[in-house]
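Chains, contacts and geometry: an overview
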Amino acid sequence: GAGVSQSPSNKVTEKGKDVELRCDPISGHTALYWYRQSLGQGLEFLIYFQGNSAPDKSGLPSDRFSAERTGGSVSTLTIQRTQQEDSAVYLCASSLLRDTEAFFGQGTRLTVV
Amino acid sequence: AQSVAQPEDQVNVAEGNPLTVKCTYSVSGNPYLFWYVQYPNRGLQFLLKYITGDNLVKGSYGFEAEFNKSQTSFHLKKPSALVSDSALYFCAVRDSYNTDKLIFGTGTRLQVFP
C-alpha cells in the first residue's frame, strides 16, 4: 500500500477484555516496529520485527502483551486482560533498510474503561 | 545498549529567531540518526537523517541538523522559526552494531511565539 495502515483507529474496551491491534506495513519493508505513546508524551519502544522474527521483545511491558508478524507483512499486537494503564496510542512503523527512515501509521487510540 | 536523550522538555522561541532542539545519543557502533516531527493529532513525520558523510544535513521545512561525533550530539536547527513550526520533535537512533532496533528520545515540545 501507499503507507502504513493501522486498524482500528480507535478502540474502547472494558477492563479485562482482550484486544488485537493490526498493522499493515508498506509493501516490501522488512522491519516493523511497535511503539506506545501516552498523552502526547514520548515513544515507548515495545517490539520490532525483522521479517517474521522478533529479535528484541524487551520493550513489552508485561506478559499480557504479545505480537506476531506473518508472511513478512501484517503484524498484530495483542493485549490480554486489558488494564486502564494500557490506555494509549499504539503506533506502528516500517522501514526498508537499516539506514532508511521509518514510516509511521496514524496509530490506534486504545481506551480501557 | 543504544540510547538517546532530549534534555529539554520544551523550547520557547520568538518567530523569526533561530531555534535549536538538542539531542545526544549513545551507541556501540556507528549511529544512524533521525529527526521526526509530530503536529497535534497527527502522525509522526520524518524530517531528516544522518547516516554518513557531511556532518550538516538538511531536511524538510528548512530544518537542518549537525552531527558531532566527539560530543555524541545531533541537534536540530532552523535559522528563522515560524509559528507553524510549533510541534513535538523526536530524535531517534539506530546502532550499526545492533541490527535494526530504532529508539526514540522523550520528545521536545517547540513553542514559537508570534
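Our structure's up above, just so we're on the same page.
Quantities reported herein were computed from a predicted structural model and do not represent experimental measurements.

This brings us to the overall build of chain B. Summing up its helical and strand segments, chain B has 0 helices and 12 strands in all. The secondary structure elements of chain B, listed N-terminal to C-terminal, are β-β-β-β-β-β-β-β-β-β-β-β. Against the globule reference of 13 Å for 114 residues, chain B gives a C-alpha radius of gyration of 14 Å, in line with a compact fold. Principal-axis analysis of the C-alpha atoms gives chain B an extent of 45 × 30 × 20 Å. Expressed as a percentage of the 114 residues in chain B, the buried residues total 51%.

Within the fold, Y25(B) resides in strand β4 (residues 24-26). A relative accessible area of 8% means that Y25(B) is categorised as buried.

Tallying each qualifying case throughout the model produces 8 salt bridges over all chains. Here K101(B) and D56(A) are joined by a salt bridge, their closest N and O atoms 2.8 Å apart. Here D56(A) lies in strand β6 (residues 53-56) and K101(B) lies in the loop between β10 (87-95) and β11 (103-104), a pairing that spans two chains. Both residues of the pair, K101(B) and D56(A), count as buried. Among the salt bridges present, the one from D85(B) reaches K78(B), with a minimum N-O distance of 2.8 Å.

Rules of the game
- Residues numbered from 1 in each chain as written.
- Chains lettered and ligands numbered in written order.
- Predicted model: local features only at pLDDT ≥ 70, side-chain atom pairs only at ≥ 80, totals over all residues.
- Heavy atoms only, no water.
- Helix = DSSP H or I, 4+ residues; strand = E, 2+ residues; numbered from the N terminus.
- Rg over C-alpha atoms; globule rule 2.2 N^0.38 Å.
- Buried < 20%, exposed > 50% of the residue type's maximum accessible area, 1.4 Å probe, protein only.
- Salt bridge = Lys/Arg side-chain N within 4 Å of Asp/Glu carboxyl O.

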